[in-house]
Every structure is written in structure tokens, then in C-alpha cells.
Amino acid sequence: MRTQVGIVGAGPAGLMLSQLLHLAGIESIVLEARARREIEATVRAGVLEQGTVDLLDSIGLGVRLHREGFVHHGIELRYDGRGHRIDLSAHAGGKAITVYAQHEVIKDLVAARLACGGRIVFGAAGVEPRGFDTDAPSLHYSADGVAQVLACDFIAGCDGYHGVCRSAVPQGACHEFSRSYPFGWFGILAEAAPSSAELVYTHHPRGFALVSTRSPTIQRLYFQCDPHENVDAWDDARIWSELRARLATRDGWAPVEGPVLQKNVVGMRSFVCEPMQFGRLYLAGDAAHIVPPTGAKGLNLAIADVRMLAAALAEHYRSGNGPRLAAYSSTALRRVWKAQRFSWFMTSLLHRFPGATAYEQRLQLADLDYVTGSDAAQSSLAENYVGLPFEDATC
Ligand SMILES: Cc1cc2nc3c(=O)[nH]c(=O)nc-3n(C[C@H](O)[C@H](O)[C@H](O)COP(=O)(O)OP(=O)(O)OC[C@H]3O[C@@H](n4cnc5c(N)ncnc54)[C@H](O)[C@@H]3O)c2cc1C
């Protein structure tokens, strides 16, 4: 088999890249380790930046998103029992965020790829990128127990943090920067009406909590926990009691409760691999970088990467020359590091850090007081939260 771009991973990065390449007249094949029903059912991100929504609109994938998603023009920062609304749109030139679950984006992208005759190999086992330091890279894998080789011009490693593409890079060629946080997020999906019209980010002496929504009947809530917390030790009553304690306001606000449908613990890590390209292998999305979910940047960064990569590959195939392709890693990393900074800022602002001194705790409250009281600070938060502008508007 042969294609122009061999893509590993059918997450948001791989699927969006494949669709953008198709629209630019470039062939690709996506190799995905899991089954279609699995990738379409994995609950993860839910906040789409304005630029992500605009891109989905521009390729005709905004219909269900606009029908079923929720546009939010603000978020609430809550601490000391009081809520403070940050008006995102007022501070960011009218831009907003849309709450639309990642697995719904995945469903829309898979349907679009298949409708265009795109090829996604689900259940591809033992994928191995080879020869990306030559002019003839290839992907070796097996499908239904039969060994296969996919020859291609370029490989896009969109296979997430635990994928094989980054680890195929020879040691020493990749510089890794990372930070682990001493806590995780206990996430639940609950069958209940929305507790709030907008997302609520809460700082509390017991730890951070977040109220978000998925639909008029399904809600997503999180609270800070030990990274090794045992979810089975938490029944519904204990979960809601903890959320009530952290989210309570002085005027008696309480979350709307309902049966917990799913619960899991998410680790909090920051990670960047530099560079993001090695010969003819290009990394995008979580394969190259991850952020703690506090800034809601992971999915959006993955989409921003492939937007740049698709434009660079299109230029390469059009002109036979690829200044953008050569600059892909350095261009992408500028946005990546700004998202790292913002995610670190939101995480530091809102979480309880074990071992923090009384002085550090006072500084954190001063930071919250500053952000919620200063127009300049709110503009900075809003600009980052709705998504920084793309450097190259023609991408
Ligand atoms: C609880 C949680 C909440 C989050 N909230 C937000 C949010 O609100 N906003 C936001 O922007 N981001 C959020 N994120 C982050 C976001 O989900 C990720 O950044 C995003 O999924 C990255 O997309 P990706 O395509 O790069 O990687 P992935 O989504 O990880 O996709 C990689 C794909 O590659 C496949 N794969 C892996 N290895 C192989 C292999 N060897 N061979 C073939 N296929 C392989 C995997 O099965 C997977 O389908 C959140 C994450 C979590 C966990």
C-alpha cells in the first residue's frame, strides 16, 4: 500500500489532519489501534476555543456542533464562597468558547472522513514507523493478523502521549521538558440538570473543583484528589458531599445532584518534546505535548498543530518547496509554550498545593483577588482562554 501521508492515531489531531489534507487534494491513510466504537465513546475534553469552532465551520463540520453545543461567553472563578464572573467575550473581542464533547468531534470527523472515501484502519496492531530519516518512510503494522506495510512520503505521529511515534525517535534527538503535579482530578459524569449556565472554577481549602456541562441532562464535574485515588472508595453520596463542600457559596448555592454514571481519575502533567519533527516524521497533538486540563487547551492545541501541518504539507505538494514544513516545529512550539504557560497559570491559581506555606497560600488568594478585580488581568485570561490568534491567518 502507498499513500502520501501516513497518519498514526485517529484522535482529534489525526482525523482533522486527514480531513484537511483531503480538502487540499492530498491523500492520507489513518492507522488507529482501537475500534471505531471505542474512540467514539472515550469521554475527555469538552471546551472548544473560538478558532477550533471556526475551523470546524470552515470545513463544513459545524452543523451538529452548533445545534448541540453550548456557546459560553463567560466563566466563573469562585473562592472564599463568592463567585466572580469573567466576561470572556467582553474582554476578547467578542470571542467565546463552545462546550461540545471531544467524542462528538471525533464522531463528526470519522463520519466526514468515511463520507469522502477516506481510509481509517481501525484495530491496526504493532504500528512501527520506519525509515523517516530517509526519503522512503513507511509504517509497518498488522490488520486482522496480517502483516502490512504502508509506504508514504511523510509520517504524521498523532498517536497521543503513549503512542509509538515519539518513542521511535532516536535517543538524544528529542529534548523533553516535563512537570508532574502532586494531585489529579476526580471526574464524574452525572445524570442531572445543569448546575450553572457557565463553567465554575473553584478554589477551596479542601481543593479545586470544576462544574461543567455536557447536555441538558448530563453534567461533567471534577474535584482535585490524590493522583492515586481509588474511585471505588467513592460512592455517590460521598462524591456529592465533597462537591457540595467545595462549591458552596455564602448565598447558599449548591450543585444539582443526580446518579453518577461514570467516574475516573485524571493525572495532571505538563510535557513538551522538542523538536516536533525528525526527518519525515512530524508529531502533532498529545504525541508532542500535554497540559493539565485546567486551561482546556489539549484538544485545541492538537487541532492548532494539524492546522499548521496541513497548510505546510499543502504548500510542499503545491510548490515542491516547503519553508513552512521546515519551520513547522518552531512555529508550533511557540503556541505550545504559550498554552503550557496558561495551563500552568490556571493550575497554580486554583489548586491546593500540598505543603504550601501560609505565605504561599496568601499569595494565591492575592492572585485570585487581582485576576477577579483587574480589567487587564481579565483581558489576559480571556484572550488565552478563548484561544490566542493563529500566527499565520492564511494557515
Ligand atoms: C479528563 C480530560 C479532560 C480534558 N479536557 C480538555 C478540554 O476541556 N479542552 C481541551 O482542549 N483538552 C482537554 N483535554 C485534553 C485532550 O483530550 C487531548 O489533548 C486530546 O485528546 C489530544 O488529541 P490527540 O489527537 O493529540 O491525541 P489522542 O486524543 O490521545 O488520540 C491519539 C489516538 O492515537 C491512538 N493510538 C495510540 N497509540 C497508537 C498506536 N501505537 N497505533 C495506532 N494508534 C494509536 C489512540 O488510540 C488515540 O485514538 C482533556 C483531557 C482529559 C484526559
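One can find the structure itself at the top, above this paragraph.
The rules behind each value
Residues numbered from 1 in each chain as written. Predicted model: local features only at pLDDT ≥ 70, side-chain atom pairs only at ≥ 80, totals over all residues. Heavy atoms only, no water. Pairing = 2+ DSSP bridges. Helix = DSSP H or I, 4+ residues; strand = E, 2+ residues; numbered from the N terminus. Contact = heavy atoms within 4.5 Å. Axes fitted to C-alpha atoms, helices over the stretch in contact; angles between N-to-C directions. Disulfide = S-S within 2.5 Å. Buried < 20%, exposed > 50% of the residue type's maximum accessible area, 1.4 Å probe, protein only. Parallel < 35°, antiparallel > 145°, perpendicular 65-115°, else oblique. Left-handed = near helix turned anticlockwise from the far one by under 90°. Nonpolar A, V, L, I, M, F, W, Y, C, P; charged D, E, K, R; others polar. Salt bridge = Lys/Arg side-chain N within 4 Å of Asp/Glu carboxyl O.

S.K.: Quick question: what am I supposed to make of the sheet that holds strand β19 (residues 281–283) here?
M.R.: The pairing of strands in a sheet happens through backbone hydrogen bonds and is either parallel or antiparallel. Spatially, β8-β2-β1-β12-β19-β18 is the arrangement adopted by the six strands of the open sheet, whose pairing is mixed. For this open sheet the edge positions go to β8 (119–122) and β18 (277–278), each flanked by a neighbour on one side alone. Sheet strands in contact with helix α1 (residues 12–23) are β1 (5–8), β2 (28–32), β8 and β12 (154–157), and its direction is about 160° off that of β1.

S.K.: Would you mind going over the state of the cysteines with me for this structure?
M.R.: Disulfide: a covalent bond connecting the sulfur atoms of a pair of cysteines. Tallying each qualifying case throughout the model produces zero disulfides. Its sulfur unpaired, Cys116 is 18 Å from the next cysteine sulfur, which belongs to Cys158. Looking at Cys158, it has no disulfide partner, and the nearest cysteine sulfur is the one in Cys165, 7.9 Å off. Using a relative accessible area of 7% as the deciding quantity, one classes Cys158 as buried.

S.K.: Is there a simple way to think about the packing of helix α8 (residues 298–319) against helix α10 (residues 328–350) in this case?
M.R.: Helix-helix packing is characterised by the crossing angle of the two axes and by the distance between the axes. Packing of α8 against α10 leaves a shortest axis separation of 10 Å and a crossing angle of 160°. The pairing of α8 with α10 is recorded here as roughly antiparallel in orientation. Between α8 and α10 lies a crossing whose hand is right-handed. Contacts between α8 and α10 pair Leu301, Ala304, Asp305, Met308 and Leu309 from the former with Tyr328, Thr331, Ala332, Arg335, Val336 and Ala339 from the latter. Tallied by class, residues from the contact of α8 with α10 come to eight nonpolar, one polar and two charged.

S.K.: Mind showing me how you'd approach the pattern of salt bridges here?
M.R.: Where charged atoms of side chains with opposite charge meet at close range, the side chains can pair. Taken as a whole, this structure holds 22 salt bridges when the rule is applied. One salt bridge connects Glu76 with Arg78, and the closest N-O pair in it is separated by 2.7 Å. Of the two residues, Glu76 and Arg78, both sit in the buried class. The salt bridge involving Arg206 is made with Glu242; its shortest N-O contact spans 2.8 Å. Pair noted here: Arg206 is in the loop between β14 (200–203) and β15 (209–213) and Glu242 is in helix α7 (residues 236–247), with a separation of 36 residues, a long-range link. Classification of Arg206 as partly exposed rests on a relative accessible area of 44%.

S.K.: Any chance you could explain the sheet that holds strand β5 (residues 74–79) here in plain terms?
M.R.: Taken in spatial order, the eight strands make up an open sheet running β6-β5-β14-β15-β16-β13-β17-β20, and their pairing is mixed. The open sheet terminates on both sides in strands that have one partner only, identified here as β6 (82–87) and β20 (289–290). Sheet analysis places strand β13 (residues 175–191) next to strand β16 (residues 218–225), joined by eight bridges and oriented antiparallel. In the strand pairing of β16, Trp185 is matched with Gln224. Sitting on the sheet, α7 touches β5, β13, β14, β15, β16 and β17 (260–274), and the angle it makes with β16 is about 75°.

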